[in-house]
Amino acid sequence: MNSSSAPVGPSDSPAAPTGTTPEGDGSHKLWGGRFAAGPHPLLDAVNRSITTDFRLWPHDVRGSQAWALALWQAGVLSREEHAAIDAGLERVGARIAAGAQPIETDEDIHTMIDRLLHEEAGTPASRLHTGRSRNDQVATATRLWTMHACTTLDAALRDLQQALLTQAETLTDAVLPAYTHLQRAQPVSGTHWLLSHFWPLDRDRTRLAAAATGTATLPLGSGAIAGSAFPVSRELLRETLGFVAISPNSIDATGDRDFVAETLFVCAMTAAHCSRIAEDMIVYGSSEFGFVKFGDRFSTGSSMMPQKRNPDVFELARGSGARVLGDLVSMLATIKGLPSGYSKDLQDDKRALFNAYDTLMLVLPAMAGAIAELRFDRARMRAAVTGAMMATDLADYLVRKGATFREAHGAVGRLVREAEQAEVELNELPMAQVRAAHALFGEDVMDALGIEASLAMRNVDGGTGPEAVARQVKLARGRL
Ligand code: ARG
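Residues numbered from 1 in each chain as written. Predicted model: local features only at pLDDT ≥ 70, side-chain atom pairs only at ≥ 80, totals over all residues. Heavy atoms only, no water.

The next thing to look at is the overall build of the protein chain. Tallying secondary structure elements over the protein chain gives 19 helices and six strands in all. The C-alpha atoms of the protein chain give a radius of gyration of 31 Å, which is well past the 23 Å a tight globule of 480 residues would have. A burial count over the protein chain gives 50% of its 480 residues as buried. The contacts of the protein chain with a sequence gap of at least 6 include a subset with a gap of at least 24, amounting to 76%. Carbon and sulfur atoms make up 56% of the accessible area of the protein chain, which totals about 22,200 Å². (Helix = DSSP H or I, 4+ residues; strand = E, 2+ residues; numbered from the N terminus. Rg over C-alpha atoms; globule rule 2.2 N^0.38 Å. Buried < 20%, exposed > 50% of the residue type's maximum accessible area, 1.4 Å probe, protein only. Contact = heavy atoms within 4.5 Å. Areas by Shrake-Rupley, 256 points an atom, 1.4 Å probe, with all protein chains shown as cover.)

And the structure:
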């Protein structure tokens, strides 16, 4: 058995020929015939991608099984050869699942699987790579991996949405300031505030679904660049592997990593949204705001200051947004400089893709957990809503009495200035002073200055009025 557990890392000594090869030269390579000398260890070190692409194995095994089927149907493989390869790949998958590790000469996961298949199936294994290249092979496996990853990410996003919605539903009676420029702007319901973070994630899920559909185009059959010279049915491959479409151009198909960039964009956008949620929680959780209290299981302490309770999960979520953005930028930068067809630069697509995915798969569940543990200080939230925040309501009051908004804005502005000078709240100004600002101010003006009155005026769809928020909650539930 050759499932030895040699360390997976660049070697500093000449590659030890440990595998078996159809050519019988001791090493197991998918290329090499035209070279008189073996590769320099420094080439091996820089070229070796198995530490990154190892996780493609289930998809590569599946892709190879589909390819074997297509070769059989095309008359390239006999029934027996196909059966040997198919069963062999099944055993290869089982061996890797059971812990088989790469050996030093395994350049990438495709090489490792090929090596193991030779051990399992013997000579017929040497026929599997007919009409296929690692260029269409890796594109296929990476797309299959990405399609699966989109499903997993979607579930994690949905869980985070659920955590936000569950908390939002407990806050129907809470009011807090909404901020623009991080300055107190207008009062809003607590539910409305938390759900403002629900909808960006919902758009991420829509984008993720679109990215998954864009990914579901089959490159297999494109060969290295010009298309396979054997009459394989790409329709059979598409059907077998669950792709939606078939790539129309083999040059494009082998060099196309749009699907990686698109998925990375969704990841970067999602990470940016997580970062904004985090930022709200960090700010609102500071002693100065005090709206939010972090739970025991998702906050950390200080090694020096015994009183500290730190929102590390949110800070790490905010920080990881930068790394995921870096993954997107590095992929786009890689793509833009390439000539048509496959270039080895593309090997790094997986480094970016896997890093973004792994980061989000840590961040999304941790955020969901931390949000579920949050407690809200309704008194602090309400106390932060000041009279001046109802200035717009006061202007709207005048408009309803017949003033133009411009005129009303000026009159209320004057009152705000006077209240500021007198160091009182807007609703503490004497009635005579209010009347002096505009003749249309009547006895009922103070009603317009109430927090609940301000909310109640805003039952427009998408507004913070209680009826509109109830409709919004229903919409949100429908998305889960
Ligand atoms: N490990 C390579 C990658 O990830 C596989 C494709 C290699 N193709 C080649 N022409 N050398 O892109």
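Here we take up the packing of helix 3 (residues 57–73) against helix 6 (residues 134–169). Between helix 3 and helix 6, the least distance of the axes is 9 Å, while the angle of their chain directions is 125°. Classified by the angle their axes make, helix 3 and helix 6 are oblique. Two packed elements cross with a definite hand, and for helix 3 against helix 6 that hand is right-handed. In this structure, helix 3 contributes H59, D60, R62 and S64 to the contact, and helix 6 contributes Q137, A141, L144, W145 and H148. (Axes fitted to C-alpha atoms, helices over the stretch in contact; angles between N-to-C directions. Parallel < 35°, antiparallel > 145°, perpendicular 65-115°, else oblique. Left-handed = near helix turned anticlockwise from the far one by under 90°.)

Now for empty space enclosed by the protein. Which parts of space are left empty comes out when a probe the size of a water molecule is rolled across the atoms. On inspection of all chains with the given rule, the structure shows three cavities of 30 Å³ or more. There is about 60 Å³ of room inside the largest cavity. Lining the largest cavity, in full, are L30, D60, S64, H110, I113, D114, L117, L128, H129, R132 and Q137. For the lining of the largest cavity, the secondary-structure elements that each account for two or more residues are helix 3 and helix 5 (109–121). Here the lining of the largest cavity takes four residues from helix 5, the largest share from any one element. Grouping the constituent residues of the lining of the largest cavity by class yields four nonpolar, four polar and three charged. (1 Å grid on protein atoms, 1.4 Å probe; cavity = no way out; pocket = protein on both sides within 12 Å on 5 of 7 lines; lining within 4 Å. Points joined across faces, edges and corners; volume = space filled by probe spheres on them. Nonpolar A, V, L, I, M, F, W, Y, C, P; charged D, E, K, R; others polar.)

Averaged over all residues, the pLDDT of the protein chain is 92; the fraction at 70 or higher stands at 95%. Note on residues 1–24: pLDDT under 50 across the span, and 58 contacts to partners over four residues away in sequence or across chains. (pLDDT = per-residue confidence, 0-100.)

A few words now on the packing of aromatic side chains. Given two aromatic rings, one states the distance between the centres and the angle between the planes to describe the pair. Overall, the coordinates contain 13 aromatic pairs when judged by the stated rule. Aromatic pair W31 and F35: ring centres 5.7 Å apart, planes at 75°, arrangement edge-to-face. When its relative accessible area of 29% is taken as the criterion, W31 is described as partly exposed. Taking the centre distance of 5.8 Å and the plane angle of 15° together, the rings of Y397 and F441 count as stacked. You can see Y397 sitting in helix 15 (residues 391–400) and its partner F441 sitting in the loop between helix 17 (431–437) and helix 18 (451–456), a full 44 residues away along the chain. The rings of Y179, W193, Y284, F289, F291 and F376 are connected pair by pair, giving a single aromatic cluster. Sitting above the plane of the F35 ring, R34 keeps its charged end 5.3 Å from the centroid. Directly above the ring of F354 sits R55, whose terminal nitrogen or CZ lies 4.5 Å from the centroid. (Phe/Tyr/Trp six-rings, centres within 6.5 Å; stacked < 30°, edge-to-face > 60°. Lys NZ or Arg CZ within 6 Å of the ring centre and 35° of its normal.)

Moving on: the site of the ligand. Taken together, the residues surrounding the ligand are S49, D53, D108, R134, N135, V138, Y342, K344, Q347 and K350. Contact distances for the ligand include 3.0 Å between a nitrogen atom and a side-chain N or O atom of D108. One of the side-chain N or O atoms of N135 is found 3.0 Å from a nitrogen atom in the ligand. In the complex, the protein chains occlude 86% of the 340 Å² of accessible area that the ligand would expose alone. Grouping the constituent residues of the shell around the ligand by class yields two nonpolar, three polar and five charged. (Near = heavy atom within 4 Å. Polar contact = N/O pair within 3.5 Å; in protein donor to acceptor, adjacent residues only side chain to side chain.)

The next thing to look at is the environment of M457. In this fold, M457 is placed in the loop between helix 18 and helix 19 (466–478). Overall, the relative accessible area of 48% leaves M457 in the partly exposed class. It is 9.9 Å that separates the C-alpha atoms of M457 and D396, two residues lying 61 residues apart in sequence.

Quantified by volume, the second largest pocket comes out at close to 410 Å³. What lines the second largest pocket is a set of 18 residues, and nearest its centre among them are W193, S196, H197, R276 and D280. Those elements that place two or more of their residues in the lining of the second largest pocket are strand 1 (175–180), helix 8 (198–215) and helix 11 (258–284). Looking at the lining of the second largest pocket, the element that brings in the most residues is helix 11, giving seven residues.

The residue H181 is not glycine, and still its phi comes out positive at about 55°. Relative to the helices and strands, H181 resides in the loop between strand 1 and strand 2 (183–189).

What follows is about the pairing of strand 2. The side chains of a regular strand alternate between the sheet's two faces. Relative to strand 2, strand 1 runs antiparallel, the two being bridged by six bridges. Its bridge partner lying in strand 2, A178 is registered against Q186. Hairpin connection of strand 1 to strand 2: two residues between the antiparallel strands, including H181 at a positive phi of 55°. (Pairing = 2+ DSSP bridges.)

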